[in-house]
Amino acid sequence: MINVIGLGYIGLPTALMMAAHGVDVVGTDCNEEIIAALNRGHITFQEEGLEELFESAVSQGIRFTAQYQSTDTYIVSVPTPYDKFTKKVDAAYVADAVREVLKVAEKGAVIVIESTISPGTINKYIRPLIEADEDIKGKNIQLVHAPERIIPGNMVYELIHNNRTIGADNREVGEKIRNYYASFCQGEIVITDICTAEMTKVVENTYRAVNIAFANELAKICRHADMDVYEIIRICNMHPRVNILQPGPGVGGHCISVDPWFLVGDYPGLAKVIDESMKTNDSMPDFVLNRIYEIMKENHMTDIGRVGIYGLTYKENVDDIRESPTLQMLESMARHLCGSQVKVYDPFVSENVTENQYHDFGAFLQDIDFIVIMVKHDEMKINLEKLHGKIVLDCHNICGLDGAYHL
Ligand SMILES: NC(=O)c1ccc[n+]([C@@H]2O[C@H](COP(=O)([O-])OP(=O)(O)OC[C@H]3O[C@@H](n4cnc5c(N)ncnc54)[C@H](O)[C@@H]3O)[C@@H](O)[C@H]2O)c1
């Protein structure tokens, strides 16, 4: 039996996928509301294909509980934020979960850490939990790191098709865990050592962050010099070895906006490009705010209450708002004492997370003259004609409307 610890955006789909493919799974989360919802038959976030996967897992006997189970295999998928001051990984959630697991784990059990962690975290913070106690040491508990690569919005597909990495202390344990993942994963599953596995995950997200930052920096240069960044990127990308990403209003979520900081925190003297890239990406919400100010001035607009922010999530077609550029921008507006009147709408966010938040697109449009497209949800792409007559700041270059403003 596998006990999956932490049933959030990563743990829940993983637990469901394994259960749906015949693995005996118990999902555990310390949040009783999540457990109650799952036991009532409700999934706790929206994701393409998750409902069907849930039904399939339930029919195969998956169980949900707030209690840690006594078993031989654990998958830990709890949050790993970074310390905003030191930029280092905050491994406290993982350490807490492992401490609880160690109280009930069977002799020889394997604890798989799926949470993203900086290189060296297992040796520094997790292995000592086992080695500090003679009784636990005698249980011969094994540690594995199996980072997750899936992207919200396409999680179910990617769980099946992505390649995976497994870091283990020895081949035998690595193979055992690989077999569990191979129950559903059709991609290649590479076995390596733990520290390499830790580093690969952080490097993958850092690669993305640095490339996004390059596009964002080009957008800033082109704005300053009155050049068309999109046309420039389009032409550059016709070069056979150039592939520049698109600029945007910032980055959010739990990967690209967080994980590269781990390297800056651990290697401050070495991770220079990464540090500057993260700062560039983090500066984009303020850059958008400045564009809003410039465009209002150009259009002789004075009432910030007639400005509407479209999109609260950190990426399109998902309901995850963590670290989102819009929330960063609203925070910045609040600091500048102009946040409370701006209107906000997101089709995926049903609860109120900010002031003046609308839940109806028509009503939102009626109350604004200037719309800022922060997120390229499909809903926006198929309703572009509704923007006629509005001032539009299109932060993703999706609307193609005459007179629309860009980053
Ligand atoms: N969300 C993503 O897109 C993504 C992608 C790849 C990797 N990751 C990584 O996966 C990990 C989990 O991220 P997430 O987005 O699923 O987080 P999440 O916040 O959605 O879920 C974490 C869950 O763990 C539970 N939890 C916390 N401490 C616990 C404990 N001690 N015992 C039991 N349950 C506990 C929380 O209640 C929560 O439900 C993080 O390290 C993240 O960086 C996330």
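The structure under discussion appears in the preceding block.
Residues numbered from 1 in each chain as written. Predicted model: local features only at pLDDT ≥ 70, side-chain atom pairs only at ≥ 80, totals over all residues. Heavy atoms only, no water.

Caption draft 1: Focus on the sheet that holds strand S8 (residues 189–192). The strand order across the open sheet formed by 8 strands is S3-S2-S1-S4-S5-S6-S7-S8, and the pairing between neighbours is mixed. Two strands bound the open sheet, and with one partner strand each, they are strand S3 (63–65) and S8. Averaged over neighbouring strand pairs, the angle between their axes works out to 20 degrees when direction is ignored. Sheet topology places strand S2 (residues 25–28) next to S3; 3 bridges connect them, and they run parallel. Pairing of Gly27 across the sheet is with Phe64, part of S3. (Pairing = 2+ DSSP bridges. Helix = DSSP H or I, 4+ residues; strand = E, 2+ residues; numbered from the N terminus. Axes fitted to C-alpha atoms, helices over the stretch in contact; angles between N-to-C directions.)

Caption draft 2: Main features of the packing of helix H9 (residues 194–225) against helix H10 (residues 229–236). At their nearest, the axes of H9 and H10 sit 9 Å apart, and the two run at 130 degrees to each other. By the angle between their directions, the pair H9 and H10 is classed as oblique. Listed contacts from H10 to Leu218, Ala219 and Cys222 of H9 are Val229, Ile232 and Ile233. Of the residues belonging to the contact of H9 with H10, the class tally is 6 nonpolar, no polar and no charged. (Parallel < 35°, antiparallel > 145°, perpendicular 65-115°, else oblique. Contact = heavy atoms within 4.5 Å. Nonpolar A, V, L, I, M, F, W, Y, C, P; charged D, E, K, R; others polar.)

Caption draft 3: Spatial organisation of the side chain of Ser277. Following the sequence through the fold, Ser277 ends up in helix H12 (residues 272–298). A distance of 2.7 Å separates a polar atom in the side chain of Ser277 from the backbone oxygen of Val273. Beyond its immediate stretch of four places on either side in the chain, Ser277 contacts Ala209, Val210 and Ala213. (Polar contact = N/O pair within 3.5 Å; in protein donor to acceptor, adjacent residues only side chain to side chain.)

Caption draft 4: Just the pairing of strand S6 (residues 142–145), in detail. A two-sided burial pattern is seen for S6, the buried positions comprising Gln142 and Val144 on one face and Leu143 and His145 on the other. Sheet topology note: the strand S5 (residues 110–113)/S6 ladder contains 4 bridges and is parallel. Across the sheet, Ile111 pairs through a bridge with Leu143, a residue of S6. Here 2 bridges tie S6 to strand S7 (residues 164–168), and the two strands are oriented antiparallel to one another. Its bridge partner lying in S7, Val144 is registered against Ala168. (Buried < 20%, exposed > 50% of the residue type's maximum accessible area, 1.4 Å probe, protein only.)

Caption draft 5: Quick look at the packing of aromatic side chains. The final tally for this structure, using the stated rule, is 9 aromatic pairs. Seen from their ring centres, Tyr9 and Phe45 are 4.4 Å apart, and the 40 degrees between their planes marks the pair as tilted. One end of the pair, Tyr9, is in the loop between strand S1 (2–5) and helix H1 (11–20); the other, Phe45, is in the loop between helix H2 (32–39) and helix H3 (50–59), with 36 residues separating them in the sequence. Judged by relative accessible area, which is 7%, Phe45 ranks as buried. Arranged with centres 6.1 Å apart and planes meeting at 70 degrees, the rings of Tyr181 and Phe184 form a pair that is edge-to-face. (Phe/Tyr/Trp six-rings, centres within 6.5 Å; stacked < 30°, edge-to-face > 60°.)

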